[in-house]
Each structure stands twice: as structure tokens, then as C-alpha cells.
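# Overview (structure and organization)
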Amino acid sequence: MNKFWSETVKRTEPYVPGEQLDDPDIIKLNTNENPYGPSSQVTEAIQSELTRKLHLYPQSNAEELRHEIGHYYDLDKDHIFIGNGSDEVLAFSFMAFFEQHGKIRFPAITYSFYPVYAKLFNIPYEEVPLNRDFTISPEQFFGAEGGVIMANPNALTGLYLNMEAIEEIALNNPERVLIIDEAYIDFAPVSAASMVKRYPNLLIVQTMSKSRSLAGLRVGFAIGDPGLIEALMRIKDSINSYTIDRLAIAGATAAIKDEDYLRETTAKIIGTREWIIPKLKKRGFHVLPSQANFIFISHYKEKAEPLYQALKQLGILVRHFQKTDINNYLRITIGTDEQMAHFLRAIDHIVPTSAVLIDQG
Ligand SMILES: *Cc1c(COP(=O)(O)O)cnc(C)c1O
């Protein structure tokens, strides 16, 4: 604590991101990055932008990129907002829609950035407990005083809430905004984006970091009624008119256009996910039914923390959260088939009894 700090700084509890190690020998399964890398069209677009216009400011409202994302979802560009990663879009949304309305609600187990923003912006919140099987009961989010935010598929658990449930929550909060953070939606059945035309209180937030393998470029976006989008623009233009640089606009525009590559790589990751789940179950793990590019697992006997440490010793980085109710779980990002085979071999090395289980069928 420093005497020059403002009250705002004093009450913050910053988010702690997953470790980023530069060692190329580490198998990184801890921050849900996509192992396949972006489409070659993305790198070509960035290369060509690089040789031309870096001395000029970018388009402040990223018109072309908004148009392309709108096109992808069959909406006009006035339904789209672009941010420097979806984390920025989420931060702006808390400011734009949640301040001074009373307590907002989010699930007790979810993306751990939500309470961070709430504290930063002095927004009171209620954490709604999940059911024992980690599912969400939509009714618990009806009539929220200040609004609702949730991730779908949910962060940490990977569980997906169907469209009827999302619609019910939107319907039952007509005076407040419902934010659905769809960071992992391209690994799941369907986005709620098509509902924004019917629900002016529904804001969908997505990212290019996961399914489009562009975590390093920092591009996220919101989809919503033009009234909500205008609010986000007003916040952005009161903080920094140029949050998205020229290289990011060029790369993200190419990424959204290359639908074939998106389909091909997400299908591979979903295939690997479905391949590894039964293998882990045979080894004594409880695996939640994920619709994301990660799985949330717990061993019937081995504790999660020492397992995390042992995997790290073997050069495999996964995520462990020191939080009641989930401290015996590990979150494993789905990598390539080769990386996941390596992960399984490491598990068999650390927990040899689990290999015995398999032999017994
Ligand atoms: C990864 C993630 C984000 C952040 O994505 P960026 O666009 O990289 O900032 C937001 N929400 C959830 C649930 C995430 O998992």
C-alpha cells in the first residue's frame, strides 16, 4: 500500500492470469489457448498491413471488422463492438450497464475476472451457488437487481446452458442487462447471438483468443442491440479512441472471413476432447461433460494440487484453483492429439494405480 493510491486502487484485487512460460519444451495446457495457431490468411493480412500504414492511426471504430463480424452473424455493424480482447469489452460493459443499479449476479464458479471488475467499479454482487453437479438453475438469475453476467459454456466447468435457459433469463430481467460471455462458444452447440434482435437487454461477448487461436493479437467483440453498442462506444471514446491497432484489425478481419479454417480446427479440438474423456474416466477421473476447449477433472483418490505439481515437474502445465469446492479439480486445456497423448503418459507415470485400473478393463 502506497500513500498516493486512490480509493479505487486500494479496493482492487487484480486478476491473476495463468502462467506464461517461454520454454518451448513445456506443454502448455493451462490457459485455454488453441494449439493450431491462426489461419495463414491472418498472418498474410498482418504482413501486408505491416508494410503499408503503421504511420497512420487505425479506424477508431473498426468499421470493416464490425461489418465482417456482423455479416458472420447476419447482423448490421451497428450491432457489433470491438475491444482489445474480450476482457476489455467485459470491463467496458460493467461500466456501461452495471454501475449504480444494485447487486449484479453471477455464478459462484465462473470466470474469475467478474468479481475483479465488480470491485474495480464498486459494483455490489451476489455469487449464486451452482448445483452439486455444477449445473446452473436459470430461475436463480431471474429479477436480478443490477443485472446478470455468466459465461456459456461456463468457465472452469465447461458446462453449456441451452438457448431456452438463456432466453428465460433475458425475459426475466427486462429492466437489466444480461451479459453472456461466449468465449468458448465455437466448441459448443450454438451461440445466443441470433437472440439479440429480440432482446434489447442481451449482450453477447466473444473473443478471437480461443477458437480463432489469436490470444496474442487481443481482439474481442460484443454483439447486441445498437443501443447497448452505442453505450460501449461512448465508454471507449472516453478512454482511448484507438483500442484496436491496425495489425489487430487486419488479422481479425481475415480470421472472421476464414470460416473453413475455424470449422476445421475447432472440429479437431472437439475430436481430441471426446477422445480423451473416456480415457481419463478409465483412469479414475471424474470428468465434467465439457462443451469447451478444456476439461474440468478430479481424481477419485489423488489430490489435485500434488497432481498439478507432479505434472509441472514433467513439463506439463495445467491449471489448479485454490478455491473451496473446486480445489480438488484441475482444468486441462485440450491441446493437439500428440500433446494429450503425452499428458496421458504423464498421468500413468504419476498415478500408476490408474494404469492398473485400465488393465482390469
Ligand atoms: C479467455 C476468456 C476471456 C478473455 O479473452 P480475451 O479476449 O483473451 O481477453 C473472457 N472470458 C472468458 C470466460 C474466458 O475464458
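About the criteria used
- Residues numbered from 1 in each chain as written.
- Predicted model: local features only at pLDDT ≥ 70, side-chain atom pairs only at ≥ 80, totals over all residues.
- Heavy atoms only, no water.
- UniProt positions renumbered as here; feature names shortened; annotations may be inferred.
- Core = buried A, V, L, I, M, F, W, Y, C linked by side-chain atoms within 4.5 Å.
- Buried < 20%, exposed > 50% of the residue type's maximum accessible area, 1.4 Å probe, protein only.
- Helix = DSSP H or I, 4+ residues; strand = E, 2+ residues; numbered from the N terminus.
- Domains from an automatic or database assignment.
- Contact = heavy atoms within 4.5 Å.
- 1 Å grid on protein atoms, 1.4 Å probe; cavity = no way out; pocket = protein on both sides within 12 Å on 5 of 7 lines; lining within 4 Å.
- Points joined across faces, edges and corners; volume = space filled by probe spheres on them.
- Nonpolar A, V, L, I, M, F, W, Y, C, P; charged D, E, K, R; others polar.
- Near = heavy atom within 4 Å.
- Polar contact = N/O pair within 3.5 Å; in protein donor to acceptor, adjacent residues only side chain to side chain.
- Areas by Shrake-Rupley, 256 points an atom, 1.4 Å probe, with all protein chains shown as cover.
- Sits in = over half its atoms within 2 Å of the grid points.
- Pairing = 2+ DSSP bridges.

Going by the annotation in an unreviewed UniProt entry, the name recorded for the protein is Histidinol-phosphate aminotransferase, with Lentibacillus halodurans given as the source organism. If you open the UniProt record of the protein and go to Catalytic activity (unreviewed entry), you find "L-histidinol phosphate + 2-oxoglutarate = 3-(imidazol-4-yl)-2-oxopropyl phosphate + L-glutamate".

This part covers the nonpolar core. Among the nonpolar cores identified, the biggest contains 56 residues, and Ile69, Ile82, Met208 and Ile223 are the most heavily contacted of them. With six residues, helix H8 (residues 246–257) is the single largest residue contributor to this core. Summarising the domain contributions, this core has at least three residues from each of domain 1 (7–36 + 260–360) and domain 2 (40–258). Setting aside its immediate chain neighbours within four residues, methionine 208 contacts Ile69, Ser213, Leu214, Ala215, Val219, Phe221, Ala252, Ala255 and Ile256. If you look at the next biggest cluster of nonpolar residues, it comprises 32 residues, including Ile149, Val177, Ile179 and Ile235.

This next bit is on the UniProt feature "modified residue: N6-(pyridoxal phosphate)lysine" (unreviewed entry) in the protein. Under the UniProt annotation, "modified residue: N6-(pyridoxal phosphate)lysine" (unreviewed entry) lies at Lys210. Turning to its location among the elements, lysine 210 is positioned in the loop between strand S7 (202–207) and strand S8 (220–224). Once residues lying within four places of it in the same chain are set aside, the contact partners of lysine 210 are Thr31, Asn32, Asn34, Ala183, Tyr184, Phe187 and Asn293.

For the rest of this paragraph, the subject is empty space enclosed by the protein. The full count for this structure, using the stated rule, is two cavities of 30 Å³ or more. Of the volumes computed, that of the largest cavity is approximately 70 Å³. For the largest cavity, the lining is made up of 14 residues, of which Ser60, Asn61, Ala62, Lys236 and Ile244 are closest to its centre. Of all the secondary structure elements, the ones that give two or more residues to the lining of the largest cavity are strand S2 (80–83) and helix H7 (226–239). Here the residues of the lining of the largest cavity sort into seven nonpolar, five polar and two charged. What lines the second largest cavity is Pro38, Ser39, Val42, Ser211, Arg212, Ala255, Asp258, Tyr261, Leu262 and Thr265. Top contributing element to the lining of the second largest cavity by residue count: helix H9 (residues 259–282), with three residues. Classifying every residue of the lining of the second largest cavity gives five nonpolar, three polar and two charged. Taken domain by domain, the makeup of the lining of the second largest cavity includes at least three residues from each of domain 1 (7–36 + 260–360) and domain 2 (40–258).

Attention now moves to the site of the ligand. By nearness alone, every residue bordering the ligand is listed as Gly85, Ser86, Asp87, Tyr111, Asp181, Ala183, Tyr184, Thr207, Ser209, Lys210 and Arg218. Within the backbone of aspartate 87, one N or O atom sits 3.0 Å away from an oxygen atom of the ligand. One of the side-chain nitrogen or oxygen atoms of serine 209 is found 2.6 Å away from an oxygen atom of the ligand. Notes on the ligand: free accessible area 380 Å², of which the protein chains cover 92%. More than half of the atoms of the ligand fall within 2 Å of the grid points belonging to the largest pocket. The residue makeup of the shell around the ligand, split by class, is three nonpolar, four polar and four charged.

What follows is about the UniProt feature "domain: Aminotransferase class I/classII large" (unreviewed entry) in the protein. The feature "domain: Aminotransferase class I/classII large" (unreviewed entry), as given by UniProt, occupies residues 25–347 in the numbering adopted here. For residues 25–347, the end-to-end C-alpha separation is 18 Å, with 38% helix and 16% strand making up the annotated structure.

Right, let's get into the sheet that holds strand S10 (residues 294–299). Strand order in the open sheet made by the four strands is S9-S10-S13-S12, with antiparallel pairing throughout. Either end of the sheet is taken by a strand with one partner, and the two such strands are strand S9 (285–287) and strand S12 (319–320). As defined by bridge partners, S9 adjoins S10 across three bridges and the pair is classed as antiparallel. Bridging across to S10, valine 287 finds its partner in isoleucine 297.

Below, the discussion takes up the environment of lysine 197. Examined against the element boundaries, lysine 197 turns out to sit in the loop between strand S6 (178–181) and S7. With a relative accessible area of 58%, lysine 197 lands in the exposed category. Counting along the chain gives 29 residues from lysine 197 to proline 226, while the straight-line C-alpha distance between them is 9.5 Å. When residues no more than four places from it in sequence are discounted, the contact partners of lysine 197 are Asp74, Leu75 and His79.

Moving on to the environment of phenylalanine 97. Within the secondary structure layout, phenylalanine 97 lies in helix H4 (residues 86–98). The class of phenylalanine 97 is buried, set by a relative accessible area of 8%. Measuring from C-alpha to C-alpha, the distance between phenylalanine 97 and lysine 3 comes to 32 Å, with 94 residues separating the pair along the chain. Setting aside residues no more than four positions away along its own chain, phenylalanine 97 makes contact with Gly146, Val177, Leu203, Leu228, Ala231 and Leu232.

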